[in-house]
Amino acid sequence: MRTLPLKYLALLGYLVFLAFPLVWLASTALKTPREMASLHPTWIPRHPTLANFGEAFHEQNLTQSAGNSLLVALTAAVLTVLLALPAAYALVRFSSVLNKLALGWVLVSQVFPFVLVIIPLFLILKQLDLVNTRGGLILVYLTFNLPFALWMLQGYVRGVPRELEEAASVDGAGRLRILRTVVAPLLAPGVVATFLFAFISSWNEFMFALVLLKDPDLATLPLTLVRFKGADGVARLGPLAAAALLATVPSLALFAVIQRRLTTGLLAGAVKG
Amino acid sequence: MQRRTLLAAVPAALAAVGTAGCSSGDSDGPVTLRFLSLAWQKDSIAANKKLVAAWNAKHPDITVKYVQGSWDNVHDQLVTAFEGGDAPDVIHDESPDIAGFAAQNYLQDMTDLLPSALKSDISQQSWDTVTFAGGGIYGVPFLQESQIFVANRKLLTQAKVRIPTVDAPWSWDEYAEVCRKLTVKGKQYGVAWPLSAPVNKVLNLSLNFGGTFFGTSGGKTTVHVGDNERQVLQRIHAQLWTDHSADPATVGMKGADPLPAYFAGKYAMVPAGVYFRQQVVQGAPKGFDWVTIPPLKGTSQHQGATSQTLSIPADGEHQKEAMQFIAFLLNGTNQATLALGDWLVPTSRKAATDPRLTTTKDDWNVATASQKDLVVAPYLKVDGFDEWKTKVATPAMQQYFNNKISLDALADKLVSDGNDVLKRYQK
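Numbering of residues starts from 1 in each chain and follows the order in which that chain's sequence is written. Written order determines the labels here, with chains lettered from A and ligands numbered from 1. Local features in this predicted model are restricted to residues whose pLDDT is 70 or higher, and side-chain atom pairs enter the listing and the counts only when it is 80 or higher, whereas totals over whole chains, interfaces and linings include all residues.

1. Some points on the sheet that holds strand β15 (residues 345–346) of chain B
Two strands in a sheet stick together by hydrogen bonds in their backbones, pointing the same way (parallel) or opposite ways (antiparallel). All names here are of chain B. Pairing in this open sheet of six strands is mixed, and the strands run β2-β1-β3-β14-β6-β15 from one edge to the other. Strands with a single pairing partner mark the edges of an open sheet, and in this sheet they are β2 (62–68) and β15. A strand pair is defined by DSSP finding two or more bridges across the two strands. Working definition: helices are DSSP H or I runs of at least four residues, strands are E runs of at least two. Numbering for both runs from the N terminus. Summarising the sheet, strand β3 (residues 90–94) and strand β14 (residues 307–311) pair through four bridges and their orientation is antiparallel. In the sheet register, His92 faces β14, and the bridge partner there is Leu310.

2. Observations concerning the interface of chain A and chain B
Listed per partner, the contact involves 28 residues of chain A and 33 residues of chain B. Looking at the side of chain A that touches chain B, the elements with two or more residues in it are α2 (33–36), α3 (51–59), α6 (118–127) and α10 (207–212) of chain A. Top contributing element to the side of chain A that touches chain B by residue count: α6 of chain A, with five residues. When residues are sorted by character, Ala, Val, Leu, Ile, Met, Phe, Trp, Tyr, Cys and Pro go into the nonpolar class, Asp, Glu, Lys and Arg into the charged class, and all the rest, Gly among them, into the polar class. By residue class, the composition of the side of chain A that touches chain B is 17 nonpolar, three polar and eight charged. Placing a C-beta atom from the backbone of each residue, one calls two residues in contact when those atoms lie within 7 Å.

3. Re the environment of Trp364 of chain B
Residue and element names in this part refer to chain B. By secondary structure assignment, the location of Trp364 is in helix α17 (residues 364–369). For the exposure call, what matters is how many other C-beta atoms sit within 10 Å of a residue's own: 20 or more marks it buried, 12 or fewer exposed, and in between partly exposed, using C-beta atoms placed from the backbone. Residue Trp364 is classed as buried on the basis of its C-beta count, with 22 C-beta atoms lying within 10 Å. Separated by 21 residues in the primary sequence, Trp364 and Trp343 place their C-alpha atoms 8.6 Å from one another. In contact with Trp364, not counting residues within four places along its chain, are Leu357, Thr358 and Thr359.

4. Quick look at the pairing of strand β11 (residues 267–273) of chain B
Residues and elements named next belong to chain B. Taking burial as the measure, the seven residues of β11 include seven buried ones, the bulk of the element. Pairing of strand β7 (residues 147–152) with β11, which is carried by five bridges, proceeds in the antiparallel orientation. Bridging across to β11, Ala151 finds its partner in Met269. Summarising the sheet, strand β8 (residues 189–191) and β11 pair through two bridges and their orientation is parallel. Looking at the pairing, Tyr189 lines up with Tyr267 of β11.

5. A closer look at helix α4 (residues 95–103) of chain B
Residues and elements named next belong to chain B. When you tally the buried positions in α4, you get seven out of nine residues, the bulk of the element. Turning to α4, its buried residues are Ser95, Pro96, Asp97, Ile98, Ala99, Phe101 and Ala102. Against the buried residues of α4 lie α3 (74–83), β3, β4 (131–132), β5 (136–137), β6 (140–144) and β14. One or two residues past the end of α4 sits Asn105, with phi positive at roughly 60 degrees.

The following block contains the structure:
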């Protein structure tokens, strides 16, 4: 009991550590250029202004970029989970010599520097008329998300005791019913975690979007944010902070909505020893 | 302003893909051009968009689509676009970057496309910054950056030093003396030298004393560090460690980092490119009185320079139309508008006489006048310069300016290690 306050203190410290970049971003977004150049920076802007938000929205089509990012990231994440989940289940439950090889190959594919494939990939997509399309970008994100998603999910599937499925089978449940009523709830945290991973990876991705999307109307948020940066690392900090702050909101909101799922499913899968 | 990132090594490996041949692009129907612009300042973006809209209004058959890129990753973006045969029709970039693209035959030699009015409006010194590969012209140079100082006028006046003018600039000796006068031990330094990326700055300024650092003989380029090349190096070092008129704490800083302390009166001057005036205007506290110090004079006021450029891809389908648009965008009046937006100096002689660029407001007269002393940076045409800069010169100069090695040791590293690097690039 005596250690409880210390635990809360440690948690508070950790929270502050995690929140620091976001708070500083918010603070910068509300400052004037003059205040940003002050020798004594303050947490709370002395003369708060929304001018940076206005400038960011006026110059760049942030709403459209956010819409593009949301569409691409959501589609890529959903497709990643839809494809990775059955593949992971099959790999774990129907084991054979090939499975280990397959998993090893999946892992090896992750160590490939993506820069080596970017130009060949561009040429392939060009032949398929998928350059400068959201579909092409989604396909690329799906391809690059799948190996790690598969690796993540097979770990979760492995964690679901086979005995549960066998017990359900003994009780007369068919394969599909077992999957739907026994396996799926237990895999929910894994599915949510994998979805979040795929979504955030796609939401933040920059390089593929840069080389594949030519039309400004298709630009995703990372492409738009970088436009506030100039040569030699100089940036327009105010509008950049304002735009970056807005860009983090959808990710945070999504995480807030589904993060409970990360833990609730875990509690549902207990097996008495 | 150089960008060499992760894709730098890829083109060679994938050269087999190749690029298509040149095409003059005579088109019968309406044409749409993609213009990749790297404008990023608020005023500059607005100016570019306005000029594009003006062009489109006058030329319904040649529509220009404005595409905004970023200095941070334009090299990577273009490499992929060139390899895929899908490059923008008009490309905004800078001379060090297009030097590589020209060598790889990605860009069109514009010699025969250039209208004579545009050609004659820009000085030969500026054309030299975009002339590569057998004398071909691979871009139209339009904005350049000279090195000046921004100074706290109040501190200069209090110290009773002469404020230099375009016609009567400070010599390096006078500047050093002024910095000593402006230094108040424990309270104020004459100057802050942010030197986290010292190489281009030192090399550009060394031309004040004729220091070129590179020489080519028999087709082979080597590094040399003689008396001329040592001048700027040792003068900055002396300010830091002998005179103590420059704050050693700023050596690890980037360009704009000393600004808060400059505004607070800790530093009387900060060396910077001309664009820096904008940062001062935006960030200065109310009533802060500043002045632009013209380029210092050694044996001359020459400084090395690169240029922002507009180029046309070698496989562009509408090269003539692209050239027409470039000629419009970079005519005297429009170039002055672009220079104002970016706070840089124009290469156009006509633009340099534009009243907006000769006004004393924000010291535009001083900035614009500095263009006449800009000459092509000697390193611009050195194969292997990027590697010499990142692997040899930057760490060695940082050690020197941090007083960890002597000038002789620095010179030795720059020459012996540097020549080993350059050897690999000799053809």
